[in-house]
Amino acid sequence: MKHLQLSILALPAFLLIFIFSYIPMSGIFIAFKNINFVDGIFHSPWAGFDNFKFFFTSDDAWLVVRNTLLYNVVFIVVGTIIAVLFAVLLNEVLSVRLLKFYQTVFFFPYFFSWVIVAFMAYSFIGPYGIVTTFLEKQIHTSFDFYTTTWVWPILLTLINIWKGVGYVSIIFYAGIMGISQEYFEAAAIDGATKFQMIRKITIPLLMPLISIMTLLSVGKIFYSDFGLFYFVPREVGQLYPVTQVIDTYVYRALKVSGDIGMSAAVGLFQSVMGFIVVLASNYIAGKVDEENKIF
Amino acid sequence: MKFRKSLPKMLIHMLFILFSLACILPLISIISISFSNESDILDHGYRLFPVKFDFTAYVYVLYRPLQILNAFKVSLFVSVFGTIVSVLVMAGISYSLSRSDYKFKNQLSFYVFFTMLFNGGLVPSYILISNYLHLKNTVWVLILPYLAMPWFILLLRSFMQKIPHSIIESCMMDGASEFRIFAQIILPLAKPGLATVALFSLLQYWNDWWLSLLYIDNEKLVPLQYMLYRMMNNIEFLTHSSNALPSGVTAARLPSESARMAMAILAAGPMLAVFPFFQKHFVRGLTVGAVKG
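Definitions and limits used
- Per chain, residue numbering runs from 1 following the sequence as it is written.
- Lettering of chains starts at A and numbering of ligands starts at 1, both following the order in which they are written.
- In keeping with the model being predicted, local features are shown solely for residues with a pLDDT of at least 70 and side-chain atom pairs are shown and tallied solely at 80 or more, while totals for entire chains, interfaces and linings include all residues.
- Secondary structure elements are taken from DSSP: a helix is a run of H or I of four residues or more, a strand is a run of E of two residues or more, and numbering for both begins at the N terminus.
- Here the globule rule is a power law, 2.2 Å times the number of residues to the power 0.38, and the radius of gyration is based on C-alpha atoms.
- Exposure in this text rests on C-beta crowding, where 20 or more other C-beta atoms within 10 Å of a residue's own make it buried, 12 or fewer make it exposed, and counts in between make it partly exposed. The C-beta atoms are placed from the backbone.
- By the convention adopted here, residues make contact when the C-beta atoms placed from their backbones lie within 7 Å.
- In this classification, Asp, Glu, Lys and Arg are treated as charged, Ala, Val, Leu, Ile, Met, Phe, Trp, Tyr, Cys and Pro as nonpolar, and every other residue, Gly included, as polar.
- Axes here refer to lines fitted to C-alpha atoms; in helices the fit is confined to the stretch in contact. Angles between the N-to-C directions go from 0 to 180 degrees.
- Angular relationships are summarised with four words: roughly parallel below 35 degrees, roughly antiparallel beyond 145, roughly perpendicular across 65 to 115, and oblique for the angles in between.
- The bend reported for a residue corresponds to the angle between axes fitted to the seven residues ending at that residue and the seven starting there.
- Each residue carries a pLDDT score, the predictor's own confidence in it, on a scale running from 0 to 100.
- In plain words, the nonpolar core is the set of buried Ala, Val, Leu, Ile, Met, Phe, Trp, Tyr and Cys residues that C-beta atoms within 7 Å link up.

1. Description of the overall build of chain A
In terms of helices and strands, chain A carries 14 helices and zero strands. Listing the helices and strands of chain A from first to last along the sequence gives α-α-α-α-α-α-α-α-α-α-α-α-α-α. Relative to the globule expectation of 19 Å for 295 residues, the C-alpha radius of gyration of chain A, 24 Å, shows a markedly less compact shape. Taken over the C-alpha atoms alone, chain A extends approximately 80 × 75 × 35 Å along its principal axes.

Here's what the structure looks like:
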């Protein structure tokens, strides 16, 4: 009776997850078909690995995989370092009011959708943008950000960190708050400097949390924030070499060029690689320290 | 001595104040642009403070606000209705998962968790939703896919696991059904957790452009974020026939630069307004989420 009632409580979520997550999983066969609208997905002819071949022999394959992985590695490394630094420094802020102020303000960017972030970026680097105008008036150089490829890796990294650092640093800050005060008191009695305490107490004790957070990001290394790469560069085709990632590629293959088979193949490649990476990184983390494992 | 001690402190505050500025200035800049005169923008570029205040953009955007009002209604309905239903749906499964004496606890946990590890990809979902469920161009497609989010479910489960089992047991002794325990004991006790998840959910629904980008072509169902995206390159679709323009605005000189930003403010505003009230819950949610589940 008890189990039946608990199952009924879980049923709506169970069904929703079944429909929107598990049924699509069974649709991965689409990647091996040559889809046409007359025959529908079930009766279209099989294509074997043609869809995959088509993608992996194109120039795009290397480009989008490289972009996705490189951006993620940079985001993880730089983002984690800055977030930990912020958390450590926030811990040094003694005034409660200032601390609250900083935390609130650092959280601001998290609340904007990527569309709005794209508008904000445009207000600085668009044709009438504040930075563009400044460059023109003060340094007499006209600079078109939206056609210059080399600035985008820097811009996208900065924007991504700007948006997420408040969020992640507060998680790390909470981790630091959880460290017993006694360690610091003992260290202070022994005459340790602030810097020594951070290096020998705070960072080592924060390490499990840092590795969990890193592991979570590494598990998503084949996925990107669609909005960042799609809206912020305003879909300028010239910038694709540095802004096209797997997610935007799959979306464009499906919605713009209508290449369902290839889009499905790339999507499946992404899912399978993502799955392997999650399992592998969890396994490796477990080898280093059983505590670091997520599952 | 005193100087040596206070210098690093000053550096810390300088760093934080600079970053605070970086967080606030983009917002100020779009506010300022939305209040700028179009010809000032064309002459001087965007400014952090308007050369002179001008409300033309808002007059233009709100003059015949039918479409905006409609987009606002869609966003509001999706956010409020979606949040309420999703919190209830997720609370149900989270409660079952939080019960260590529930027979299917482990299987069900795996069932939820596995979707975070593997997914079928965009194309199968897209075909399912548009060709088989026929949800394309309905308001439901903006709500249903986000109702049961695995991450939120696990978050809520961690909250509910903290409720002492003895409370539940004593209710069962008194003969209360699981439904009654859930509705009268668990939901009230888990309120802080529910508030946190509700806020995450609200933010997700309000800020979502993904589902509308994929599934909405019908003008009547365009939510604010998607409308804003479509205005990125093209403000004209907001333009009604030129004889319906407010006085002082001519079709040849639409305040397009400032109107775009005025729209951005209208889309971002409501979330910024509720944000300070919920920050406490938000931070709590983040810290619980960081603990392994």
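On we go.
2. So, the overall build of chain B
Across its full length, chain B carries 13 helices and zero strands. Ordered by position in the sequence, the α and β elements of chain B form the string α-α-α-α-α-α-α-α-α-α-α-α-α. Out of the 293 residues in chain B, the part that is buried amounts to 42%. At a minimum sequence separation of 6, the contacts of chain B that also span at least 24 residues come to 73%.

3. Points about the interface of chain B and chain A
Listed by partner, the interface residues are 75 residues for chain B and 70 residues for chain A. For the side of chain B that touches chain A, the elements supplying multiple residues, two or more each, are helix H1 (2-34), helix H4 (66-98), helix H5 (105-117), helix H6 (122-132), helix H9 (178-189), helix H12 (224-230) and helix H13 (256-290) of chain B. Looking at the side of chain B that touches chain A element by element, the count peaks at 15 residues for H13(B). Classifying every residue of the side of chain B that touches chain A by side-chain character gives 54 nonpolar, 15 polar and six charged.

4. Some words on the environment of Met149(B)
Residue and element names in this part refer to chain B. Within the fold, Met-149 resides in the loop between H6 and helix H7 (150-161). By the C-beta count within 10 Å, which is 24 here, Met-149 ends up buried. Spatially, the C-alpha atoms of Met-149 and Phe-35 are 39 Å apart, while their sequence positions differ by 114 residues.

5. Digging into the packing of helix H6 (residues 114-125) of chain A against helix H7 (residues 130-138) of chain A
All names here are of chain A. It is the contact of H6 with H7, at a shortest axis distance of 3 Å, that shows an interaxial angle of 10°. When the axes of H6 and H7 are compared, the pair comes out roughly parallel. Packed against H6, whose contacting residues are Ser-123, Phe-124 and Ile-125, the element H7 presents Ile-130, Val-131 and Thr-132 at the interface. Among the residues making up the contact of H6 with H7, the classes are represented as four nonpolar, two polar and no charged.

6. Quick word on helix H10 (residues 194-219) of chain A
Along H10(A), the largest kink reaches about 50° and is centred on Met207(A); proline Pro208(A) follows within four residues of it. Of all the residues in H10(A), the buried ones are Thr202(A), Leu206(A), Leu209(A), Ser211(A), Ile212(A), Met213(A) and Gly219(A).

7. Remarks on the confidence of the model for chain B
Interpretation of the predicted coordinates at a detailed level should be avoided for regions scoring low in pLDDT. All names here are of chain B. Per-residue pLDDT for chain B has a mean of 84; in total, 86% of the residues score no lower than 70. The least confident element of chain B, judged by mean pLDDT, is H13 at 76; the most confident is helix H11 (residues 210-215) at 94. Across the whole predicted complex the pTM is 0.89, and at the interface the ipTM reaches 0.89.

8. Some points on the nonpolar core
In terms of nonpolar packing, the biggest core is built from 155 residues, with Ala13(A), Met90(B), Ile153(B) and Ala264(B) touching the most fellow members. Apart from residues no more than four positions distant in its own chain, Met90(B) is found in contact with Ala13(A), Ala148(B), Phe152(B), Ile153(B), Leu156(B) and Val197(B).

9. Quick look at the environment of Ala195(B)
Residues and elements named next belong to chain B. Along the chain, the position of Ala-195 falls in helix H10 (residues 191-206). For Ala-195, a count of 17 C-beta atoms within 10 Å corresponds to the partly exposed category. Along the primary structure Ala-195 and Ser-177 are separated by 18 residues, whereas in three dimensions their C-alpha atoms are 25 Å apart.

10. Some points on unusual backbone geometry
It is generally the case that most residues other than glycine have a negative phi and that most peptide bonds are trans. All names here are of chain A. Of note, the phi angle at His-140 is positive, near 55°, even though the residue is not glycine. Along the chain, the position of His-140 falls in the loop between H7 and helix H8 (151-177). Although it is not a glycine, Glu-235 adopts a positive phi angle of roughly 55°. With respect to the helices, strands and loops of the structure, Glu-235 is situated in the loop between helix H11 (226-230) and helix H12 (240-243).

11. A look at the packing of helix H1 (residues 2-26) of chain A against H9(B)
For the pair H1(A) and H9(B), the least separation of the axes is 8 Å and the interaxial angle reads 50°. Considering the angle they form, H1(A) stands oblique to H9(B). Contacts between H1(A) and H9(B) pair Lys2(A), Gln5(A), Leu6(A) and Leu9(A) from the former with Glu178(B), Phe179(B) and Phe182(B) from the latter. Classifying every residue of the contact of H1(A) with H9(B) by side-chain character gives four nonpolar, one polar and two charged.

12. Brief notes about the environment of Phe14(A)
By the element assignment, Phe14(A) lies in helix H1. As a C-alpha pair, Phe14(A) and Gly40(A) span 26 residues in sequence and 28 Å in three-dimensional space.

13. What about the confidence of the model for chain A?
Of the residues in chain A, 98% have a pLDDT of 70 or more, and the chain-wide mean is 89. For chain A, per-element mean pLDDT is lowest for helix H2 (residues 40-43) of chain A, which scores 82, and highest for H11(A), which scores 94.

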